[in-house]
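# Inside the fold
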Amino acid sequence: MLAGPRVRFAPSPTGFFHVGSARSALFNWLLARQSPGGCFILRIEDTDADRNREEWVDGIITAMAWLGLDLDEGPFRQSDNVAQHSAAADALLAGGYLYYCDCTGEDVVARKGDNKTPGYDGYCRERHLVKGTNTALRFATPREGVTVVRDLIRGDVEFANRTIDDFVVAKSSGAVLYALANVTDDRNDRITHVIRGEEHLPNAPKQMMLWSALNAVSGDDVPLPRYAHLPLLVNEQRKKLSKRKDPVATESYRDQGYVAPAFVNYLALLGWSPRGDQEIVPLTTIIEQFRLEDVSHSPAFFDVKKLSHMNGEYLRAMSTEEFIDACAPWVAPWSTSWRPTDREVPWSEADFDAALFARVAPLVQERVATLGEVPAMVAFFFLEEAPRDEAAFDKTLRNDPLAQALLGVAVERFAETPWEASALHEATIELGEAMGLNLRKAQAPIRCAVTGSLVGPPLFESLEYLGRDKVLDRLHAALARCSG
RNA sequence: GGUCCCAUCGUCUAGUGGCCUAGGACAUCACCCUCUCAAGGUGGAGGCACGGGUUCGAAUCCCGUUGGGACUGCCA
């Protein structure tokens, strides 16, 4: 049987799950899923104990599950492989690829002077130091020749070897660093494609050197992986998305009520596009058409506006039942296993009426872009008193005698109108006509009195669903507030 | 500073030498629909960074300029 590509997503759990990471994970996953025998591996790169936190690991796993990026192997922990990393370092040292160095950072800078070549100057390369308490292990990079990274997205990228300094492979504490740990694991996992962010491109030649050296000292000639460096995701300032300054936490998009299929679809569009003029396409199409070779070379801006639009499209494409279920974490969080963080539902469990929500759901489904917008739109159904938009109230009612008069008549008329939307609609038209108001004008004060707002779901359906008693109560209350 | 990457509407992109009078999507504007708000429909405005080549022909190839970015850690 033909072995498919083996890819890995190797995040370090040093913060919230970054949307850029989510895209890297997705592109890796797509490659694995589009070929028979493809294998998608999650490897948590947690070797820097100082910066890792267990909750971030959970965040990665939860977010990937949410996005539907299922694993074939893992999750593995890089920290479980430290013995192999050390063994790799030992072998490389024995093979003459590594040497001990006791230079401090200051030493290196001090010696630099007018030297144009950045980084370490190779000072200790010929000193033949032995292991001590302050000795790091460095890789002796070739002084001549070039290393060419055959990048699937960018083509061949050449690095003159003399521009690559003797980088540190293991700290003086003995801890093996990223470059070697990553390569050792990739080699052991038989990774065939390394797909990651463009910020790793300068690491590639170093890792290729390490890979070849490892092959030489182990006698196990593992084929070099193909590399693919994804364009960066940038902010409005065209800078790499920053964990500190930019809204990059994938979790927060879920909390806001973006749905996974929409989020994945949008992510796929960042640096890639499906054939034809249709951008909203099913995952199966994306899997089918995705090619690393087609990924764009230039950085992409994460545009929340476009994401929102797409999310709205996905929401509207749902059946009513699906939409109702999808709303649950935002409207009835007590009933769900997952619920958004930092989001308060304006009503209590006792106030909520699931049957009523099911009736109004179709009305809001076509009016929201995210599920997080739903509660505010339907709060007036479940709260004893509708939330108040004071400015709207002042404008439409308090300072408008005609509107108050209309409300007064409405109270009487609605007391005897058959309680259904179409009759209420008709009644309001007649009410307005009697006072020289078109429906647009006539509905406003009623809407404001009953829903507390000037915008919302269709009014007459809302009245019907709310019920005569509540509507009449609110009409009276509004009148009272005008005179009070 | 050094190494490397990148360059089509405001944004994401299609475009791989003639199909380009440069297509689509988001955003934006106008109009239509309409009980509000949305959604939807129709239409508009808006782009190949610049300069040289190569070619009968260049958004597409080459060189340069300019501009942006990443990396430059005993982090990943």
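Residues numbered from 1 in each chain as written. Chains lettered and ligands numbered in written order. Predicted model: local features only at pLDDT ≥ 70, side-chain atom pairs only at ≥ 80, totals over all residues. Heavy atoms only, no water.

One finds Phe357, Phe414, Ile446, Leu463 and Leu475 to be the most contacted residues of the largest nonpolar core, which totals 58 residues. With 51 residues, the next largest nonpolar core counts Leu42, Leu152, Tyr266 and Leu269 among its residues. (Core = buried A, V, L, I, M, F, W, Y, C linked by side-chain atoms within 4.5 Å. Buried < 20%, exposed > 50% of the residue type's maximum accessible area, 1.4 Å probe, protein only.)

The next point concerns the packing of helix H5 (residues 178-188) against helix H6 (residues 204-218). Their axes nearest at 10 Å, the elements H5 and H6 cross at an angle of 55°. Judged on the interaxial angle alone, H6 and H5 are oblique. As for how H5 packs across H6, the hand of that crossing is right-handed. Of the residues in H6, those in contact with Tyr178, Ala179, Leu180, Asn182, Val183, Thr184, Asp186 and Arg187 of H5 are Gln207, Leu210, Trp211, Leu214, Asn215 and Ser218. Its residues assigned to classes, the contact of H5 with H6 comprises 7 nonpolar, 5 polar and 2 charged. (Axes fitted to C-alpha atoms, helices over the stretch in contact; angles between N-to-C directions. Helix = DSSP H or I, 4+ residues; strand = E, 2+ residues; numbered from the N terminus. Parallel < 35°, antiparallel > 145°, perpendicular 65-115°, else oblique. Left-handed = near helix turned anticlockwise from the far one by under 90°. Contact = heavy atoms within 4.5 Å. Nonpolar A, V, L, I, M, F, W, Y, C, P; charged D, E, K, R; others polar.)

What surrounds RNA strand B is a group of 62 residues, the closest being Asp48, Arg238, Lys239, Glu279 and Gly456. The share of sugar and phosphate among atoms of RNA strand B within 4 Å of the protein is 73%. Gly271 places a polar main-chain atom, nitrogen or oxygen, 2.8 Å from a phosphate oxygen of RNA strand B. His309 has a polar side-chain atom sitting 3.1 Å from a phosphate oxygen of RNA strand B. (Near = heavy atom within 4 Å. Polar contact = N/O pair within 3.5 Å; in protein donor to acceptor, adjacent residues only side chain to side chain.)

Our focus in this paragraph is the side chain of Gln443. Positionally, Gln443 belongs in helix H17 (residues 439-451). Residue classification places Gln443 among the buried positions, given a relative accessible area of 18%. Here Gln443 is in contact with Thr428, Leu459 and Phe460, once residues within four sequence places are set aside.

Bringing helix H12 (residues 354-365) into the picture now. Taking 1.5 Å per residue, 12 residues should reach 16 Å; H12 reaches 15 Å between its end C-alpha atoms and fits that length. Leu356, Phe357, Val360, Ala361, Leu363, Val364 and Gln365 are the residues of H12 that are buried. Of the surrounding secondary structure, the elements contacted by the buried residues of H12 are helix H10 (304-317), helix H11 (320-331), helix H13 (374-382) and helix H18 (459-466). (Expected span 1.5 Å × (residues − 1).)

With that settled, consider H6. Taking 1.5 Å per residue, 15 residues should reach 21 Å; H6 reaches 21 Å between its end C-alpha atoms and fits that length. If you check which residues of H6 are buried, you get Ala204, Pro205, Gln207, Met208, Met209, Leu210, Trp211, Ala213, Leu214 and Asn215. Immediately downstream of H6, the backbone of Gly219 shows phi near 75°, a positive value.

Time to look at the pairing of strand E6 (residues 146-151). Side chains Thr147, Val149 and Asp151 of E6 all project onto a buried face; the interleaved residues Val146, Val148 and Arg150 project onto a face where none is buried. Alignment of E6 against strand E7 (residues 155-160), held across 6 bridges, turns out to be antiparallel. Bridge assignment links Thr147 to a residue of E7, and that residue is Phe159. Taking the residues that link successive antiparallel strands as the turn, the E6-E7 hairpin has 3 residues. (Pairing = 2+ DSSP bridges.)

Within the fold, Leu283 resides in helix H9 (residues 283-289). For Leu283 and Ala262, which are 21 residues apart along the polypeptide, the C-alpha to C-alpha distance reads 9.7 Å. Those residues in contact with Leu283 that lie beyond four places of it in its chain are Trp29, Leu30 and Val264.

A grouping of Asp351, Glu384, Asp469 and Asp473 is seen on the molecular surface, where their side chains present a negatively charged patch. By the element assignment, Asp351 lies in the loop between H11 and H12. (Patch = residues over 30% accessible without salt bridge, like charges linked within 9 Å, V, L, I, M, F, W, Y side chains within 5 Å. Areas by Shrake-Rupley, 256 points an atom, 1.4 Å probe, with all protein chains shown as cover. Salt bridge = Lys/Arg side-chain N within 4 Å of Asp/Glu carboxyl O. Lys, Arg positive; Asp, Glu negative; His and termini not counted. Charge placed at Lys NZ, Arg CZ, Asp CG, Glu CD.)

What follows deals with the side chain of Asp46. When you line up the elements, Asp46 lands in the loop between strand E2 (39-44) and helix H2 (54-67). In this structure, Asp46 is in contact with Pro13, Asn52, Arg77, Gln78 and Ser79, ignoring residues within four places of it in sequence.

In this model, Gly74 is joined to Pro75 through a cis peptide bond whose omega is 5°. Structurally, Pro75 is set in strand E3 (residues 73-77). Positive phi values are uncommon outside glycine, yet His128 reaches one of about 50°. Mapping His128 onto the fold places it in the loop between helix H4 (105-112) and strand E5 (136-139). Residue His128 is classed as exposed on the basis of its relative accessible area, which comes to 63%. A positive phi is found at Arg190, a non-glycine position, where the angle reads about 55°.

Let us now look at the pattern of salt bridges. Taken as a whole and assessed by the stated rule, the structure comprises 24 salt bridges. Ionic pairing is found between Glu390 and Arg388, a salt bridge with its closest N-O pair at 4.0 Å. One network of salt bridges, in which partners are shared, links Arg8, Arg43, Glu45, Asp185, Asp186 and Asp189.

Moving on, we get to the sheet that holds strand E8 (residues 168-170). Paired through backbone hydrogen bonds, the strands of a sheet run either parallel or antiparallel to each other. One open sheet accounts for 3 strands, arranged E4-E5-E8; its pairing is antiparallel. Because the sheet does not close on itself, it has two edges, and the strands there are strand E4 (98-101) and E8. Direction aside, neighbouring strands of the sheet carry axes that sit 45° apart on average. Relative to E8, E5 is paired through 2 bridges, and the arrangement is antiparallel. If you follow Leu137 over to E8, its bridge partner there is Ala170.

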